[in-house]
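Chain by chain, the residues run as shown.
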Number of protein chains: 2
Amino acid sequence: MEIKHIAYFKNLIGAENVYDDKAHLIAYCYDATRARYEPDAVLFPRDESDVSEILKYCNEHRIIITPRGAGSGFTGGALPANGGIILAFEKHMNKILEIDMENMVAVVQPGVINMALQRAVEARGLFYPPDPASEEYSTIGGNVSENAGGMRAAKYGITKDYVMALRAVLPNGEIIRAGKRTIKDVAGYNIAGIIIASEGTLACITEITLKLIAKPKMAQTAMGVFPSVEAAMNAVYKTMAAGVTPVAMEFLDNLSINAVEKKFNKGLPKDAGAILITDVDGNSQEELTQQLDIIEEAFLENGCSGFKRATSPEESKNLWFARRNASQSITIYGSKKLNEDITVPRSKLPALLKAIGEIAQKYNVTVPCFGHTGDGNVHTNVMVDGSDPKQLEIGHHAIEEIFKATVALGGTLSGEHGIGLSKAPFMHLAFSEGEMELFRSVKKAFDPNNILNPAKMGL
Amino acid sequence: MEIKHIAYFKNLIGAENVYDDKAHLIAYCYDATRARYEPDAVLFPRDESDVSEILKYCNEHRIIITPRGAGSGFTGGALPANGGIILAFEKHMNKILEIDMENMVAVVQPGVINMALQRAVEARGLFYPPDPASEEYSTIGGNVSENAGGMRAAKYGITKDYVMALRAVLPNGEIIRAGKRTIKDVAGYNIAGIIIASEGTLACITEITLKLIAKPKMAQTAMGVFPSVEAAMNAVYKTMAAGVTPVAMEFLDNLSINAVEKKFNKGLPKDAGAILITDVDGNSQEELTQQLDIIEEAFLENGCSGFKRATSPEESKNLWFARRNASQSITIYGSKKLNEDITVPRSKLPALLKAIGEIAQKYNVTVPCFGHTGDGNVHTNVMVDGSDPKQLEIGHHAIEEIFKATVALGGTLSGEHGIGLSKAPFMHLAFSEGEMELFRSVKKAFDPNNILNPAKMGL
């Protein structure tokens, strides 16, 4: 990057808010993928006006910008794949601006950590449900840009269901407002709706207004053991059809159960086709009991054995043990885990797992699966020997076939992680050329010079 | 329109599906506004492929298209303001294609009547909550295009919260799919999200996949009388903060109460500042009682007198009488009602009603208000003598000031009805030139030749 640009930025936002030394550039070259790309500079805007001035200048000089929250994404959304500047919101634009009790709304800057928001609103008896696994470090700006999900999605929805309004800066420096602090607002196009999940390619988000709900007073855990994934899925269907939407309804397949058992020796049922672990919440014990009674009936009707209700926090933790430790346990099957967050309509989970089993057999790899039955989101893990390039290649072929099977079942390449760089090569599996062309037209409408996070999403 | 175009359409979809005689053109020139615009022809596509061929032809020949559901909109969205063809979905594309019990999803064509869908899914124990006042005749395609709300919005959200996926045709004839039958889907831009509420200006919707939920087993009504709107709003706030979200929480102001009382003599409290009527729902009587206990406490703490719970369907109907008859009763204040569906953040309702009172005084008009406190959506009615053009003009000035007050309080020009033609002149009150420019860029990305419902939304 030309030295005059760096000088301009230092003059604009202060030298202390511009990094261009090697050590810092390396510190901002990563995310949760294995890919590494160094930016030319890292800028820490102090406020929306800084963001506006920076974008305007970059647009005039065709300097590429990659917005960045915590850099914890799984698909490279925050990586400066083509150089240029990183716009980092962690240093200054990280404040909770308002918790509006009367309207049950929070207004935050993009750099606020998800869990910091959860804690702040829970201290006031309110609740912000989206809980991605990265909640302890990922930012709300990143959550909105990737449309993060989480464990509680089946009952409470995902990030987009909580975004009421945004302030954002367009590449030309124009500051726009989109949406309102109201449930109903049908004036103008739903610009907030398309900025969500756009992976920082359309505009830089500078302020987010989030819907909050009242915090449920209590929760309870239960678990059941099933002879097959089909039986477990029927139980899930019966539960939901009876009007009970659990907060979480997680499954482990036989391979995952055995991995946890081998590692921790907890007395898990090694012959089970699947186990389901569920949480219900509400405002009274009767409300919880009512839900668990319905769940128990649905489970028992579908071949469940060993139905257990936790009656203390310790018991609850115990029932959750297998699920919480699944991810680390499955490494017994291979040193390298190629994991994807594919999602299919709930009822297609058995068919998907069957297809995955066949693909595993074809490529002679082990593919343990676990995840969220309530919303059809499966964490599928192709386990290979990471030191063997041949095995890695085989693993990637298996992944591509799993993507194809997912799309054929009406599913999506990504339920939570986004496309970014990692899944860009697979976009053609899910979208027609006409659909991709529409994406490119939308991108151009917001960002005619293609300065905002280009080369992402396969555009 | 040139005769060759009519001939082309008749050949394409059959002469019986093309109207170009005067009587029929007049039959399709109206909606729920007073404006009248005749189309050049009315086309009834038989399927998505017809829609695609029609759009492609119209795009090549620059023929304007206005998609139309039931023509029941309040802002002119379905009016062919610049002539061209009406694309009417009522005749053929009006089928419920699928009710998927396992995934709790319905797939419908755009011409399905809202209430027909509600009835079909309720017969199977499922529930489609969006209930615009037009539910008996408006279509799902129209509901999605205008992002229709309804009484149950505070608890269950609005149309956009139930749209999981769309199929649609772009002006160039390209058929696109947007969204999936999954709660989580973060691959590609949220195209469905921006087609919703776009008033038929971006694409023609040909199929809609809707989320359903389990039908609550029972409901109960209650009512309270308050000394002021502020007191009533505090009671609403306390209710929601305690974790109770009523299905409906409707208010009538003093003018509306007195109008109903004058007309029907029901013994309503003529000195009350406001009354609140509320419905709660759930799966057991305990669940209803638990909610009503909390509501009663919140009401009594805020000066409520005469709290009543309905214990039978008749009592429930009785408590709802005032709200159901408010709209027709207020005509005692003037023969012509200029009504708008403005919406502010819930907590700003008292300030909005105060501002409306001052505007009413300034222009010497009566403005009774009633509506949805749960979501800040007020039906505000400027009552004038419809036979007096001077009064009409004064009324329109009052409306403009009410819009300004609404926007100043962080509210929106439209909570439910859309912008269309009627509110287009007021868009500059709510949006900056930069925001309008972005709307125009988005429009151009989808519809470069501006053939789809042009001149709507003030673009």
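Residues numbered from 1 in each chain as written. Chains lettered and ligands numbered in written order. Predicted model: local features only at pLDDT ≥ 70, side-chain atom pairs only at ≥ 80, totals over all residues. Heavy atoms only, no water.

Topic: the overall build of chain A
- Secondary structure summary: chain A contains 16 helices and 18 strands in total.
- Taken over C-alpha atoms, the radius of gyration comes to 23 Å for chain A, in line with the 23 Å a tight globule of 459 residues would show.
- A principal-axis box enclosing the C-alpha atoms of chain A has dimensions of 70 × 60 × 40 Å.
- By residue count, 61% of the 459 residues in chain A fall in the buried class. (Helix = DSSP H or I, 4+ residues; strand = E, 2+ residues; numbered from the N terminus. Rg over C-alpha atoms; globule rule 2.2 N^0.38 Å. Buried < 20%, exposed > 50% of the residue type's maximum accessible area, 1.4 Å probe, protein only.)

Re helix H9 (residues 254-264) of chain A
- Regarding H9 of chain A, the residues found buried are Ser 256, Ile 257, Asn 258, Ala 259, Val 260 and Glu 261 of chain A.
- Residues of H9 of chain A that are buried sit in contact with strand E13 (248-253), strand E14 (274-282), helix H11 (313-324), helix H12 (326-329) and strand E17 (369-372) of chain A. (Contact = heavy atoms within 4.5 Å.)

Details of the sheet that holds strand E15 (residues 305-309) of chain A
Residues and elements named next belong to chain A.
- Strand order in the open sheet formed by 7 strands is E15-E12-E14-E13-E17-E18-E16, and the pairing between neighbours is antiparallel. Since the sheet does not close on itself, it has two edges, and those belong to E15 and strand E16 (336-340), each with one partner. Averaged over all adjacent pairs, the angle separating strand axes in this sheet is 15°, with direction ignored.
- Of the strand pairs in this sheet, strand E12 (residues 218-226) and E14 are connected by 9 bridges, and their pairing is antiparallel. Its bridge partner lying in E14, Gly 224 is registered against Leu 276.
- Its contacts with the sheet place H9 against E13, E14 and E17, and it is angled at close to 80° to E13. (Pairing = 2+ DSSP bridges. Axes fitted to C-alpha atoms, helices over the stretch in contact; angles between N-to-C directions.)

Notes on the relation of the copies chain A and chain B
- Once chain A has been moved 0.0 Å along the axis and rotated by 180°, it coincides with chain B to within an RMSD of 0.0 Å. The relationship between the two copies is best expressed as a two-fold rotation axis. Residue Gly 193 of chain A of chain A places its C-alpha closer to the rotation axis than any other residue of that unit, at 2.7 Å.
- The overlap is high: 99% of the interface residues of chain A also sit at the interface in chain B, so the same surface is used on both sides. (Least-squares fit on C-alpha atoms with pLDDT ≥ 70 in both.)

Structural notes on the pattern of salt bridges
Residues and elements named next belong to chain A.
- Scanning the entire structure with this criterion turns up 50 salt bridges over all chains.
- Across the pair Arg 440 and Glu 433 runs a salt bridge, and its minimum N-O distance is 2.5 Å.
- Through salt bridges with shared partners, a single network forms among Glu 98, Asp 100 and Arg 181. (Salt bridge = Lys/Arg side-chain N within 4 Å of Asp/Glu carboxyl O.)

Focus: the interface of chain A and chain B
- At the interface, 81 residues of chain A touch 80 residues of chain B.
- With both sides pooled, the region where chain A packs onto chain B buries about 6,500 Å², and carbon together with sulfur makes up 60% of that total.
- Considering only the side of chain A, the residues that lose the most area to chain B are Lys 184, Val 186 and Tyr 189 of chain A, jointly responsible for 16% of the buried surface there.
- Between the two partners, chain A and chain B, sit 6 salt bridges.
- The salt bridge involving Glu 435 of chain B is made with Arg 177 of chain A; its shortest N-O contact spans 2.6 Å.
- Scanning the region where chain A abuts chain B turns up 28 residue pairs in polar contact (both at pLDDT 80 or more).
- Broken down by secondary-structure element, the contributors of at least two residues to the side of chain A that touches chain B are helix H6 (153-156), strand E9 (175-179), helix H7 (191-195), helix H8 (229-241), helix H10 (285-301), helix H15 (427-430) and helix H16 (433-446) of chain A.
- In terms of residue count, H16 of chain A provides more of the side of chain A that touches chain B than any other element does, 9 residues in total. (Buried area = accessible area lost by both parts, 1.4 Å probe. Polar contact = N/O pair within 3.5 Å; in protein donor to acceptor, adjacent residues only side chain to side chain.)

Re the packing of H8 of chain A against H10 of chain A
All names here are of chain A.
- Packing of H8 against H10 brings their axes to within 8 Å, and their N-to-C directions diverge by 145°. Crossing handedness for the pair H8 and H10: right-handed. Listed contacts from H10 to Ala 235, Lys 238 and Thr 239 of H8 are Ile 295, Ala 298, Phe 299 and Glu 301.
- Residue classes in the contact of H8 with H10 are distributed as 4 nonpolar, 1 polar and 2 charged. (Left-handed = near helix turned anticlockwise from the far one by under 90°. Nonpolar A, V, L, I, M, F, W, Y, C, P; charged D, E, K, R; others polar.)

Overview of the environment of His 397 of chain A
Residues and elements named next belong to chain A.
- Mapped onto the elements, His 397 comes out in helix H14 (residues 389-408).
- By relative accessible area, which is 40% here, His 397 ends up partly exposed.
- On a C-alpha basis, the gap between His 397 and Ser 414 in space is 17 Å, while along the polypeptide they are 17 residues apart.

Description of helix H13 (residues 349-363) of chain A
Residue and element names in this part refer to chain A.
- An ideal rise of 1.5 Å per residue puts 21 Å on 15 residues; H13 measures up with 21 Å between its terminal C-alpha atoms.
- Of all the positions in H13, only Leu 349, Pro 350, Leu 352, Leu 353, Ala 355, Ile 356, Ile 359, Ala 360 and Tyr 363 are classed as buried.
- The secondary structure elements touched by the buried residues of H13 are H8, E13, E17, strand E18 (377-384) and H14. (Expected span 1.5 Å × (residues − 1).)

A closer look at the nonpolar core
- Ile 191 and Phe 446 of chain A together with Ile 191 and Phe 446 of chain B are the most contacted members of the largest nonpolar core, which has 188 residues in total.
- Ignoring anything within four residues of it in the chain, the contact list for Ile 191 of chain A reads Ile 176, Ala 178 and Phe 446 of chain A together with Ile 194, Leu 438, Phe 439 and Val 442 of chain B. (Core = buried A, V, L, I, M, F, W, Y, C linked by side-chain atoms within 4.5 Å.)

Overview of the environment of Gly 386 of chain B
Residues and elements named next belong to chain B.
- If you trace the backbone, Gly 386 turns up in the loop between strand E18 (377-384) and helix H14 (389-408).
- Under the relative-accessibility criterion, Gly 386 is labelled partly exposed at 31%.
- With 153 residues separating them in the primary sequence, Gly 386 and Met 233 have C-alpha atoms 33 Å apart.
- Those residues within four positions of Gly 386 in sequence are excluded, and the remaining contacts are Ser 335, Lys 336 and Leu 392.

Observations concerning the packing of aromatic side chains
- Counted according to the given criterion, the structure contains 26 aromatic pairs over all chains.
- With a centroid separation of 5.1 Å and an interplanar angle of 70°, the aromatic rings of Phe 431 of chain A and Phe 439 of chain A are classed as edge-to-face. Both residues of the pair, Phe 431 of chain A and Phe 439 of chain A, count as buried.
- Their ring planes at 55° and their centres at 4.7 Å tell us that Phe 403 of chain B and Phe 426 of chain B sit as a pair that is tilted. Remark: Phe 426 of chain B occurs in the loop between H14 and helix H15 (427-430) and Phe 403 of chain B occurs in helix H14; sequence separation between them is 23 residues. The two residues Phe 403 of chain B and Phe 426 of chain B agree in class, both being buried.
- Ring pairs connect the aromatic residues Tyr 8, Phe 9 and Tyr 57 of chain A, which therefore count as one cluster.
- Here Lys 215 of chain B stacks its cationic end above the ring of Phe 127 of chain B, 4.4 Å away from the centre of that ring. (Phe/Tyr/Trp six-rings, centres within 6.5 Å; stacked < 30°, edge-to-face > 60°. Lys NZ or Arg CZ within 6 Å of the ring centre and 35° of its normal.)

Quick word on empty space enclosed by the protein
Residue and element names in this part refer to chain B.
- Applying the stated criterion to the full structure yields 1 cavity of 30 Å³ or more.
- By volume, the largest cavity is sized at about 40 Å³.
- Every residue lining the largest cavity is listed: Val 229, Ala 232, Met 233, Phe 251, Ala 274, Leu 276, Leu 349 and Thr 373.
- Breaking the lining of the largest cavity down by element, the ones donating at least two residues are helix H8 (229-241) and strand E14 (274-282).
- The element that contributes the greatest number of residues to the lining of the largest cavity is H8, accounting for 3 residues. (1 Å grid on protein atoms, 1.4 Å probe; cavity = no way out; pocket = protein on both sides within 12 Å on 5 of 7 lines; lining within 4 Å. Points joined across faces, edges and corners; volume = space filled by probe spheres on them.)

Points about the domain arrangement of chain A
All names here are of chain A.
- Entries for chain A in the domain assignment read domain 1 (3-88), domain 2 (96-214), domain 3 (218-328) and domain 4 (334-430).
- The C-alpha centroid of domain 3 is placed 31 Å from the C-alpha centroid of domain 2.
- Of the roughly 600 Å² buried where domain 2 meets domain 3, counting both sides, 57% is carbon and sulfur surface.
- For the pair domain 2 and domain 3, the interface holds 1 salt bridge.
- Taking the shortest distance from any N to any O, the salt bridge between Asp 281 and Lys 155 comes out at 2.7 Å.
- At the surface where domain 2 touches domain 3, the tally comes to 2 residue pairs in polar contact (both at pLDDT 80 or more).
- Considering only residue class, the side of domain 2 that touches domain 3 consists of 3 nonpolar, no polar and 2 charged. (Domains from an automatic or database assignment.)

Some words on the sheet that holds strand E8 (residues 163-169) of chain B
Residue and element names in this part refer to chain B.
- Pairing is antiparallel across the open sheet formed by 5 strands, whose spatial order is E5-E6-E10-E8-E9. Edge positions in the open sheet fall to strand E5 (96-100) and strand E9 (175-179), since each of these has one partner strand only. Across the sheet, the mean angle separating the axes of adjacent strands is 10° when strand polarity is ignored.
- The sheet contact formed by strand E6 (residues 105-108) and strand E10 (residues 204-211) spans 4 bridges and is antiparallel. Across the sheet, residue Val 108 finds its bridge partner in E10, namely Ile 208.
- Together, E8, E9 and E10 form the strand contacts of helix H3 (residues 48-61), whose direction differs from that of E8 by roughly 50°.
- Relative to E5, helix H4 (residues 114-122) is tilted by about 35°, and along the sheet it contacts E5, E6 and E10.

Thoughts on the pairing of E16 of chain A
Residues and elements named next belong to chain A.
- Here E16 shows a clear split, with Lys 336, Leu 338 and Glu 340 buried on one side and none of Lys 337 and Asn 339 buried on the other.
- Where E16 lies against E18, 5 bridges are found, and the strand directions are antiparallel. Looking at E18, one finds that Lys 337 is bridged to Met 383.

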